[in-house]
Every structure is written in structure tokens, then in C-alpha cells.
Amino acid sequence: MSACAPTRNDHSSRSSRPSRASGFKRPHSPPPRPGRGPFRVSGADLSASITVFLIAIPMSLGLAVAMDAPLAAGLVSAAIGGIVAGLLGGTPLQVSGPSAGLTVVTAELIQIYGWRTTCAITIGAGLLQILLGSVRAARSALAVSPAIVHGTLAGIGVAIALAQLHVVFGEVPRSSALENALALPAHLTHFEPAGPLIGALTILLLVVWPRMPGRIGASLGRIPAALAAVVIATAVAAAAAPGIARVDLPSWRSHALPELPHGPVMALATAMFTVMLVASLESLLAAVSVDKLAAERAAAPPKDGTTPPAPVERSDLDRELRAQGVANALSGLAGGMPVSGGAVRSSANVRAGATSRASTVLHGVWVLLAAVLLVTALEWIPLAALGSLVMVVGIQMVSFAHIRKVHRHREFLVYGATISGVVLVGVLEGVAIGIVVAVAVALHRLARTRITVTEQDGRYLVAARGQLTFLAVPRLSRLLGKLPHGADVVVELDGSFMDHAAYETIQDWYTAQTALGARIEFTGRSGGRIAEPASAAHSCCRPWTPWRNHHCHDRAQDTTGATAPATAATASGSPTDPSTVASKDPAPVGPTSSPGRRHRSHRLLSGLSSFQRTTAPLVREELARLAAEGQRPSQLFLTCADSRLVTSMITASGPGDLFTVRNVGNLVPPPDAEGATGNDDSVAAAIEYAVDVLEVESITICGHSGCGAMQALLGAAPEAPRTPLWRWLRHGLPSLERMRSRHHSWARIAGRLPTDAVEQLCLTNVVQQLEHLRAHESVARRLAEGTLQLHGMYFHVGEAQAYLLTEGASSGTGPDEVFVRVAPGAVWGAEHGIDALHTTPDAAVGA
């Protein structure tokens, strides 16, 4: 049995709820509380639902005006999107409603087929979404180039803005964006001033309202800008322009329902596919954005010392796509507009503090009540105000941040082609144009390779820019052949792909050159050796742990029998890190490489050889200094023997920094246990040596996720054989008793609950072993003198995330032991009494 092994959450029995005394909790769920159902409404969700509702009402009416759809249809789709997609969706904080991205498409469908057939098309699009979600195609939809997606939405935004300008001027929008643009000059020569003035006031309020300074601005800023702009514009229009065109909500008795579609089958199928495609992309992109916003909110420093909101589970995109399909099918059946997840509503929901899907569902309920009870109030809203609101939404869909991003990644041509296609031809045609341009650009980049040779002081630099494919082999071979025999050469590879033909060309040239005594070095564009990440060449990080990709390196050696420049298959750097195009070894096979195939059984010899070749020259001077001065570590680090726990890596330390003790389960036998078997003195001896001889300043006990020792304790049978391993693990029994005791609060992680009983015991074990540590005489003496600090630490291996033990607010019979997430940088910790390395001794043991 290994000391530590990964854990797997058991989701097979979701209906059972073991008691707290059993020491087990369902993953990602709080302890069961009697008398409460699965749908819980917190105060934060209620407040957020009202905020989103106040945004959704004017937005839904405005989009209905933009689509030339019945105004009641906007309220129907907002209510169904909120309630149905909110209950069934895979993104709890995403708010669905009328689709801004489908404004142009829906308006065109209404003009061609009429409203009732458009509802039937919406039903068909919803059924297609359900089908795609059932075959798990949601993640594949995100494989489309971001330049195409953002270009499509930006093109739709331009078309929306051009159409709504006609509404502001009191005119009817044309059938296409181009016609709307050509017809605008005629409206500028003769128009009624009331509409444009109300529209200008609405736009001004939308821009200024969130930016008002001072306390008054902070107070008013809590009111959504969309609501404030529409309400103020409505009040001004009522006083100054009573004859202006307003919202006209028809009676619900005359509400139009779908009919069987009439028209060419292929045209109707294309329409359904277009609605499905745009609505799905908009919803999935919004879901990804909501995930990022929720993660940023959970990781942000808590304000005023409050506990940060619990992180929300990541989106299930296939479930979200199915939920959007159900919402669209029901919206079409009820005579509503197409539904999709909205970035504006969803971001407002997250920023308003929503914690669950209850906020989304409640927002839909409020919209439904307003559609029934507030008809008279809604009919006071001027159409010009709604047109201006939707026009601003369209303008915001042309994001300058997206433009800068696609320009930085050299994809502006794809972005521009997609926008032009959507505006001039149509949405589906624009997407097709964008895909064609994206493929052409990718092929051009793949085929284009620049190879240059420069010489300075007898040393040659061969720089290869781009992908090394068979197309570049003739030029590469010709330039390498012109280099003098036996010359020193640096080969700079700036690309992420090398095919077999280019690989063999370089390998053959390398073998011939090194046989003549040449020195060949392979680097990335940064100048750093291929063995290191690109950033390592210019950072101050210590270079004595070049372990990255070592398993990939071993596999490459087992397969080829030699080390050589690798293709992208053996490099795991990011696409923007071209220095990872070769394997861990900086040079191909040559006289300095180990001959023959290296088998996995020789991994120790291979690792030692690699150290002597690549790492020892870098650290020899530092180790010589440490050998002369002796060790002076400042910390005793006591942790588990698990092979995945690399102490020097997670603490950013090097030789001479940590005095490390590792054992199964990071256990500290209490002093009264010493001598019971005669086998437990090793840990106590290390503690005494570190505290009294080395005079360390701190002691850290570090547990970790998936600890096999803790799993063994949880699953131990009373009649288990008392082997040496079990005699050692008995020192963890107090931790198990502490977790199951009703007299101790459970240790927990700030911002989330432990995922299962194993993680709960791992956390509790750190707290209990700190108590054992305090009982040692040398430790107790140094603590009394104030010259020693104790730290509790938990490392989640899968997340590569460290947590430090501190003291939380009491909620039970005693203080809560809370493990606080260590964020990048030490500013956050300093503000909360936690520096980059430790907590106070009292807080560490929960005293």
C-alpha cells in the first residue's frame, strides 16, 4: 500500500446523507440541515434578483422593439429564460432572456415569415439545442476561433445600432444593416426633435450614471443605469413631450401563439440552424465569462475582513445548452422571442452578489409578475428611450478589448472579415466568411518560415521563425550545409511545431557537426536554453529544479533511444511560448549523450546523469558555499512522504533553506508515546535537533490532498493486523477522534467546504499534530520565550494551491480552524494578519 494516493469522490449515491458523526460529507455540499429543501434563497440572491429584474424589464422591451416583435413577447421570453433556464441550466449564475445577438436575425425572420412562423422556428432551434447538448457538442462549439465569434457579435452589434437609430428618429428600420446606413442621411434633414432628444438623454444617463462621484454617486450607483435612464427619460417625456410614441402592450387575450411554419423547407431549416448557432454561441460564451467573473470574485481579497463568497461550481456546458434548448422551445410555444444567456444580465447578477441559481429564477418570477401587474406603468415608456438603450447594448458588443486581443494575436483580418460579412451579407454568411479567412490565415502561417544565418566572432546563429515543416526543409538543409565544419552554432527555434522531415534534417546535421568537434546549442527566441521555459532565462528563480516535463522526456527517450529536438508532441509549453519546441535536453544525440536506449529501470541513472550534465554546473558554486559555511535553515518543515509533494517547489526554497522531515501522514508522535514501542524517536530527535541545535525560527506541519494515510485511518477495521505501518498510523488516531468528536469544530477551508471525509481528516490532522508538537519540551520552551512560531499548512496537489491555518470566527463550542487560501503576492495576507509564510502561534492551534 502506498503512503499517499489520490482520492476519488463517490457520486454513486446522491440520495443518502450520512450523519456528521460518521465523518463523511458529500462533495461540494454543506452538512445536511433538517427542514430545508434543495432550493434555498439567501438574502444576497434576493437582492441580486431584484437588480437583474430592473435591468431585464427595459432590456426585454427594447429588444422586442428592435426585432419588431410583439412587446409582450419580450416579457414572455425573459420570464421563461429566467425560470426555465435558471432551474435547468449548467451555469447557476447565468441569466437568460431575449437574445441581443439574434436581434437582426429575428427581425429578418419576422419580415419574411411573420411572427407566428418565427415562433415555430424558435421551437425548432430549441429542439436542435437539446439534441446538440445531448450528444455533448457544447465544448466543440467553443473550438471556433474567438476572432470569428467576437467578430460575429460585433457585426450584430453594428447592425443593431444602425437599426435603432431609425427608431430614435421615429422611423421604421430597414431590412438590412446596409439599407439602414444608406437611409440615415435622409432622416437627418427632417425629423421631429422629441425622439432624438429623449434618446440622447437616455444615452447620456447610461454613460454618466455609473460614473457619478461622491457619496451621492455611490448611493445612486446601486440603481441599475438602464432602469434609471428609462425612468428619467419616461418622466421627462411625460412632462415635455406628451405626444411622443410610447410602448403599446396588447391585451394578453390577443397574444399570438405559433403556427405550423409555411415556406421552403431548406429556407426554414437554415433559419432554425442560424437561430440555434447564434443563440448557442452567445449562451456558451456568456457561460464562460460568468465562470471567469465568479472565479475572480471568489479569489478577490475580502473586504473589511469578511469571508469571501464561496466559489460557484464550474459550468456544465452541455447541460447549459440543453437548458437553453428547453427554454427556447417553451418560449416559442408561449409566443416568445428566442432566448440565450446574456452577458449584460449575467455580469450584473454576479456583481450584485448572487450565490446560486435562486437569483436567476426569482428574476424570472419578478418579470412574470410585472407583465401581469405593471402593464399601465410600462406603457408610459417612450420607444425612443428603449431604442437608445438597445443601441448602446449594440455598441457595447463591439468590444475594444476584443479588438486589441485579436490584433495582438494577429487575427484582426479574420475579425474584420467576419464583421464585414455579418453587416453586408448576413449572420450565417458572415460566420462562413470568417471561417474561410481563418483557415486561409492558418495555412499561410503554417507554410511561411523564415530562416536566417548570422555570424559574429566565429560563432553562428541560425534563427528559424515559424513552423518547421517539410516545405521549409530544402531551404533549411541548404543554409545548414553552408556552415563551416566544426563551427560553434546556436540554433534558435521560434515556433511550436516541427514535423518529421525537419527533425531528421536537424538531427543528421547535428550528428555530422558534433563528430567534427562542433559545439551546438539549441535555444528559444528569448535566448534561454530549450531545457527551460522562456521566462527562466531572464528571471531570478533558482535553476536547481529543472524537473518540468520530465515524464514526457522519459517517454521520448524510451521511444527513440536518444534525446533530440522534439516536436510539439513532447513539448507542453503554451502556444505563446515557442521556446518549448524541443525536449528537456538542450541538444540532440551526440558524443555527450548516453549511448543506446535508456530503459525505465535505469531512471535513477538517467536522472543523475541529467543532473550532472545540466544542473550541477549551475548550482556547483552555491553548493560549495553551503558546504563551507554549514547548514543554517530557518524552518523545520514536517510533511508527508508522498512523492507528489515537492517541498522546495511549493515553498520556493533551495538548498540550505528547509530542514525537512518526511513521514507517512505527516505525523508527530506526542512525547508520552516515545518509547512505547521504541520506534518513534526519529521525529522527536529531528524536532530537538532543529529547535535546540539549528535554532530554527519556525516549524511547519504540512498536510496535503489525497493522503493515503488518512484514507487508511478512515477505512481501518478494528481487527486490522498491527503491522509496522499500523503501529505508526496509531499516532493519527487522535486526529480521527477529533474529527468525529462533537466537542471540536471542524477544520475548514475559507471560501469552500472540504470536498469529502478524506480532505476533512487531512485538515483536522494538521491541527491535531500541531497540538502534539506543542507538547514537546524543546518546542514548549521556545514558544514561551517567543522565539518560535508554529504554522499549519495544507497543499491541494491537483489545484497546486497552498492554504495556511489561521483562526476563524467562532460558530460552535470552540474557535474554528480555518485554512486560508494563499494568493499570489503577500499584500492580501499582510492586510489580514497573515504574511507570506506564517500565522501566529495561537491562531495556528486554534487557541
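It should be noted that the structure appears before, not after, this text.
No experiment lies behind these values; they were computed from the predicted model shown. (Residues numbered from 1 in each chain as written. Predicted model: local features only at pLDDT ≥ 70, side-chain atom pairs only at ≥ 80, totals over all residues. Heavy atoms only, no water.)

1. Some words on the overall build of the chain
No. 1: Within the chain, the secondary structure is distributed over 32 helices and 13 strands.
No. 2: Every one of the 847 residues in the chain was classed for burial, and the buried ones make up 48%.
No. 3: Across the chain, every contact between residues at least 6 apart in sequence was considered, and the portion connecting residues at least 24 apart equals 76%.
No. 4: Accessible area for the chain stands at about 40200 Å²; split by element, carbon and sulfur atoms hold 61% of it. (Helix = DSSP H or I, 4+ residues; strand = E, 2+ residues; numbered from the N terminus. Buried < 20%, exposed > 50% of the residue type's maximum accessible area, 1.4 Å probe, protein only. Contact = heavy atoms within 4.5 Å. Areas by Shrake-Rupley, 256 points an atom, 1.4 Å probe, with all protein chains shown as cover.)

2. Observations concerning the sheet that holds strand S6 (residues 520–523)
No. 1: Read across the sheet, four strands follow the order S3-S4-S5-S6 without closing on themselves; strand pairing throughout is mixed. Strands with a single pairing partner mark the edges of an open sheet, and in this sheet they are strand S3 (449–456) and S6. On average, each strand axis in the sheet is tilted by 15° relative to the strand beside it, whichever way the strands run.
No. 2: Sheet topology places strand S4 (residues 459–466) next to strand S5 (residues 488–494); seven bridges connect them, and they run parallel. Residue pairing in the sheet places Ala464 in a bridge with Leu493 of S5.
No. 3: Against the sheet, helix H21 (residues 500–515) contacts S5 and S6, and its axis sits at roughly 145° relative to S6. (Pairing = 2+ DSSP bridges. Axes fitted to C-alpha atoms, helices over the stretch in contact; angles between N-to-C directions.)

3. Quick look at the packing of helix H18 (residues 412–424) against helix H19 (residues 427–447)
No. 1: Contact pair H18 / H19: the axes reach a minimum separation of 7 Å and the direction vectors enclose 160°. Taken as axis vectors, H18 and H19 run roughly antiparallel relative to one another. In terms of crossing hand, the pair formed by H18 and H19 is right-handed. Residues Leu413, Val414, Ala417, Thr418, Gly421 and Val422 of H18 touch H19, and the partners they reach there are Val427, Gly430, Ile433, Gly434, Val437, Ala438 and Val441.
No. 2: Looking at the contact of H18 with H19 residue by residue, the class counts come to nine nonpolar, four polar and no charged. (Parallel < 35°, antiparallel > 145°, perpendicular 65-115°, else oblique. Left-handed = near helix turned anticlockwise from the far one by under 90°. Nonpolar A, V, L, I, M, F, W, Y, C, P; charged D, E, K, R; others polar.)

4. Some details on the pattern of salt bridges
Pairs can form between side chains of opposite charge whenever their charged atoms are close.
No. 1: Inspection of the entire model under this criterion finds nine salt bridges.
No. 2: Asp318 serves as the salt-bridge partner of Arg136, at 3.9 Å between the closest nitrogen and oxygen. With Arg136 in the loop between helix H4 (115–134) and helix H5 (138–141) and Asp318 in helix H12 (residues 317–333), the pair connects residues that are 182 residues apart, well separated along the chain.
No. 3: One salt bridge connects Glu629 with Arg625, and the closest N-O pair in it is separated by 2.8 Å. Within this pair, Glu629 and its partner Arg625 are both found in helix H23 (residues 603–629), separated by four residues, close to a single helical turn.
No. 4: Owing to a relative accessible area of 41%, Glu629 belongs among the partly exposed residues under this scheme.
No. 5: A residue is classified by how much of its surface remains accessible, and Arg625, at 36% relative accessible area, is partly exposed.
No. 6: Through salt bridges with shared partners, one network takes in Glu622, Arg625 and Glu629. (Salt bridge = Lys/Arg side-chain N within 4 Å of Asp/Glu carboxyl O.)

5. Some points on a positive patch on the surface
No. 1: There is a patch of like positive charges on the surface, built from Lys292, Arg404, Lys405 and Arg408.
No. 2: Looking at the positive patch, the element that brings in the most residues is helix H17 (residues 400–408), giving three residues.
No. 3: Position of Lys405 among the secondary structure elements: in helix H17. (Patch = residues over 30% accessible without salt bridge, like charges linked within 9 Å, V, L, I, M, F, W, Y side chains within 5 Å. Lys, Arg positive; Asp, Glu negative; His and termini not counted. Charge placed at Lys NZ, Arg CZ, Asp CG, Glu CD.)

6. Things to note about the packing of aromatic side chains
No. 1: Overall, the coordinates contain five aromatic pairs when judged by the stated rule.
No. 2: Plain terms: the ring middles of Phe659 and Tyr689 are 5.8 Å apart, the flat faces sit at 40° to each other, and that makes the pair tilted. Here Phe659, found in strand S8 (residues 658–663), pairs with Tyr689, found in helix H25 (residues 681–693); they are 30 residues apart in sequence, far enough to count as distant.
No. 3: Take Phe659: its relative accessible area is 17%, and that puts it in the buried class.
No. 4: Aromatic rings pair up to connect Tyr794, Tyr803 and Phe819 into one cluster. (Phe/Tyr/Trp six-rings, centres within 6.5 Å; stacked < 30°, edge-to-face > 60°.)

7. Points about the side chain of Ser60
No. 1: Note on placement: Ser60 falls in helix H1 (residues 43–67).
No. 2: The class for Ser60 is buried, based on a relative accessible area of 2%.
No. 3: When residues no more than four places from it in sequence are discounted, the contact partners of Ser60 are Gly74, Leu75, Ala78, Pro98 and Met337.

8. Comments concerning the nonpolar core
No. 1: Within the largest apolar cluster, 63 residues are counted, with the highest numbers of intra-cluster contacts made by Ile57, Leu61, Met337 and Val367.
No. 2: Per element, the largest residue contribution to this core is eleven residues, and it comes from H1.
No. 3: Those residues in contact with Met337 that lie beyond four places of it in its chain are Ser60, Leu63, Ala64, Met67, Ala69, Ala73, Gly74, Ser77, Pro98, Trp115, Thr122 and Ser331. (Core = buried A, V, L, I, M, F, W, Y, C linked by side-chain atoms within 4.5 Å.)

9. Some details on unusual backbone geometry
No. 1: With a phi angle near 60°, Arg410 is a residue other than glycine that sits in the positive phi range.
No. 2: Along the chain, the position of Arg410 falls in the loop between H17 and H18.
No. 3: Since its relative accessible area comes to 64%, Arg410 is described here as exposed.
No. 4: Look at Asn666: it is not a glycine, yet its phi comes out positive at around 40°.

10. Notes on a nonpolar patch on the surface
No. 1: A cluster of nonpolar residues, Leu178, Leu182, Leu424, Val425 and Ile433, forms a patch on the protein surface that exposes about 480 Å² of accessible area.
No. 2: Structurally, Val425 can be placed in the loop between H18 and H19.

11. Describing the environment of Val167
No. 1: Here Val167 is to be found in helix H6 (residues 146–168).
No. 2: The spacing of Val167 and Met391 is 224 residues in sequence and 9.6 Å in space, taken between C-alpha atoms.
No. 3: The contacts of Val167, once residues within four sequence positions are left out, are Val65, Pro173, Leu383 and Gly387.

12. Some points on the environment of Asp45
No. 1: Mapped onto the elements of the fold, Asp45 is located in helix H1.
No. 2: According to the relative accessible area criterion, Asp45 is buried, its value standing at 1%.
No. 3: The spatial distance from the C-alpha of Asp45 to the C-alpha of Ala354 is 4.7 Å, given a sequence separation of 309 residues.
No. 4: The contact partners of Asp45, leaving out residues within four places of it in the chain, are Arg40, Ala354, Thr355, Ser356, Ala358 and Ser359.

13. Quick look at the pairing of strand S11 (residues 789–796)
No. 1: Judged by how many residues are buried, S11 sits mostly within the fold: seven of eight residues are covered.
No. 2: Looking at chain direction, strand S9 (residues 698–704) and S11 are connected through seven bridges and run parallel. Each bridged residue has a counterpart across the sheet, and for Cys702 the counterpart in S11 is Met793.

14. Some remarks on the environment of Ser283
No. 1: Mapping Ser283 onto the fold places it in helix H11 (residues 265–299).
No. 2: Once you skip the residues sitting within four places of it in the chain, Ser283 turns out to touch Gln94, Gln324, Ser340 and Gly341.

15. Considering the state of the cysteines
No. 1: The tally for this structure, following the rule as stated, stands at zero disulfides.
No. 2: Cysteine Cys702 shares no disulfide, and the gap to the nearest cysteine sulfur, in Cys640, comes to 9.1 Å. (Disulfide = S-S within 2.5 Å.)

16. Things to note about the packing of H1 against helix H2 (residues 71–88)
No. 1: Taken N-terminus to C-terminus, the directions of H1 and H2 make an angle of 130°; their axes are 8 Å apart at the nearest point. With respect to H2, the element H1 is oriented oblique. Handedness of the H1/H2 crossing: right-handed. Together, Ile57, Ser60, Leu61, Ala64 and Val65 of H1 and Leu71, Gly74, Leu75 and Ala78 of H2 make up the contact between the two elements.
No. 2: Residues of the contact of H1 with H2, tallied by class, amount to seven nonpolar, two polar and no charged.

17. A closer look at helix H29 (residues 757–774)
No. 1: Given a rise of 1.5 Å per residue, 18 residues ought to cover 26 Å, and the 26 Å separating the end C-alpha atoms of H29 matches this to within 8%.
No. 2: The element H29 is extensively covered by neighbouring structure, given that 16 of its 18 residues are classed as buried.
No. 3: Where H29 starts, the residue carrying a side-chain oxygen 3.3 Å from the main-chain nitrogen of Val758 turns out to be Asp756. (Expected span 1.5 Å × (residues − 1). Polar contact = N/O pair within 3.5 Å; in protein donor to acceptor, adjacent residues only side chain to side chain.)

18. Section: H2
No. 1: Along its 18 residues, H2 runs 26 Å from first to last C-alpha, staying within 8% of the 26 Å computed at 1.5 Å per residue.
No. 2: The buried fraction of H2 amounts to 15 of the 18 residues, a majority that puts the element mostly inside the structure.

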